Every structure is written in C-alpha cells, then in structure tokens.
Amino acid sequence: MTRILLTIGPQGAGKSTFCESLMAEKIDGVAYASRDRFLTGRYGSEAWNPYSGAMQEGLKYFWQHVAQLASEHRVVLLECFCIDQRHFSDLQCGISLANNWSYTQLTYEALWFHTPNHVCAEWYVSREYKAPQTEQVRNLSIAFARNASRMFRRSASGILWNFETVWHIDPRQLPLFSYSEILGLRV
C-alpha cells in the first residue's frame, strides 16, 4: 500500500517550502511530485494557456507519473494547488486515473495548510520569480492571494472530507511535529 500525501491550500500557503524541506531530509521510500513543475517541464508556458489543451493533456501524464512513483515508493508527496471545488474535481479525476494505473493500493491523505490570508499574500508576492515589484503589481498580487485564500477557506470543508486522514499544518509553527510522524516512517 502506498500513501499519497497531497498538499492542499492556496498560493503562498507554504506548500512548496514544506515539500522542499521535507525532501531535503532524503527519507527512504518517499517520492515527490509537483503538478506545476511537471506541467511546466513538459509544456513550458503553454501549460498555463487555457486555450492550448496542454493542461488537460498534461494532467493525464502527470497522474500516470504519480501512479509510477506509487509503484516504486511507500509514500508520494504530491504538491497541488487546490482552492475550490473545480480544482478538487480535477483532483478527483486524477485520483481515479492513478488508482486505475497503479499496481498497488493507494490511500490519500491531505496536508491542509492553515496559513492566514495576510501571510499567504505576503509569501505569494515575495517569491523571486514573480513580476517586478512595482507598487501596483504588488497590490494586485496581494489582492489576488487574499481572494484565493478566502475561496479556499470557503470550499475546504467540502474538499477535505474525502481524505482518509487530514493533517492540519500551520507552516509558521513548523516543526510542529516531525516529518517522520506525518510520513509514518523511520528517519
């Protein structure tokens, strides 16, 4: 049986930082997959063009990749952006595909990031790959991140009940518990 741990939360919640920190521990039996990095690596900027079809096609390949990782590891840490019911519907389709392609039984757990709206906004705009930080761009980015965070909080209860386990994470307070506790593995 392979455990799939999905990071759930809006942009700027600390999901990428958490995953990178966990993977830096180099724990045996743990694989990592980032939906956004996979799609960007495969399609470049076309992955984010809603008219290209790259996202839809790419998600199929991504979930095949997850199923392959699941056949080789005990835990797969899956970094996803999931803020509303539409994103969760995409996630459910992916889970169904991974279940069909996997040679092992998969269980799904959520790593739910409880990051306050204002912290999400600040972390989101502080990323180095964002556009130049004019005052106008910064204000729009903060407004976007706060809105995404609010959308997530409104839809979270409808999303989270579908997981076998939900880990509540406030990345400002890490390490609240050890990675080995979440992973259920010896480090």
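Here the structure is shown first, and the text comes after it.
Bear in mind that the values here come from a model prediction, so they are computed numbers and not experimental data.

This part covers the sheet that holds strand β2 (residues 30–34). With parallel pairing, five strands are arranged side by side in an open sheet as β2-β3-β1-β4-β5. Either end of the sheet is taken by a strand with one partner, and the two such strands are β2 and β5 (165–169). Averaged over neighbouring strand pairs, the angle between their axes works out to 20° when direction is ignored. Two elements, strand β1 (residues 2–8) and strand β4 (residues 106–113), share seven bridges in a ladder whose sense is parallel.

This part covers the environment of E109. Within the element layout of this structure, E109 appears in strand β4. The exposure class assigned to E109 is buried, which follows from its relative accessible area of 8%. Between the C-alpha atom of E109 and that of V166, which follows or precedes it by 57 residues, the distance is 5.8 Å. Discounting chain neighbours no more than four positions away, the residues touching E109 are R3, I4, L5, L6, F163, T165 and W167. Among the polar contacts listed, one links the side chain of E109 to the side chain of R3, at a separation of 2.6 Å.

As a further point, take the packing of helix α2 (residues 35–43) against helix α3 (residues 54–72). The contact between α2 and α3 brings their axes to 10 Å, and the two run at 120°. Viewed along their axes, α2 and α3 form a crossing whose handedness is right-handed. For the pair α2 and α3, the contacting residues are R35, F38, L39, R42 and Y43 in the first and A54, M55, E57, G58, L59, Y61, F62 and H65 in the second.

Conventions we followed
- Residues numbered from 1 in each chain as written.
- Predicted model: local features only at pLDDT ≥ 70, side-chain atom pairs only at ≥ 80, totals over all residues.
- Heavy atoms only, no water.
- Pairing = 2+ DSSP bridges.
- Helix = DSSP H or I, 4+ residues; strand = E, 2+ residues; numbered from the N terminus.
- Axes fitted to C-alpha atoms, helices over the stretch in contact; angles between N-to-C directions.
- Buried < 20%, exposed > 50% of the residue type's maximum accessible area, 1.4 Å probe, protein only.
- Contact = heavy atoms within 4.5 Å.
- Polar contact = N/O pair within 3.5 Å; in protein donor to acceptor, adjacent residues only side chain to side chain.
- Left-handed = near helix turned anticlockwise from the far one by under 90°.

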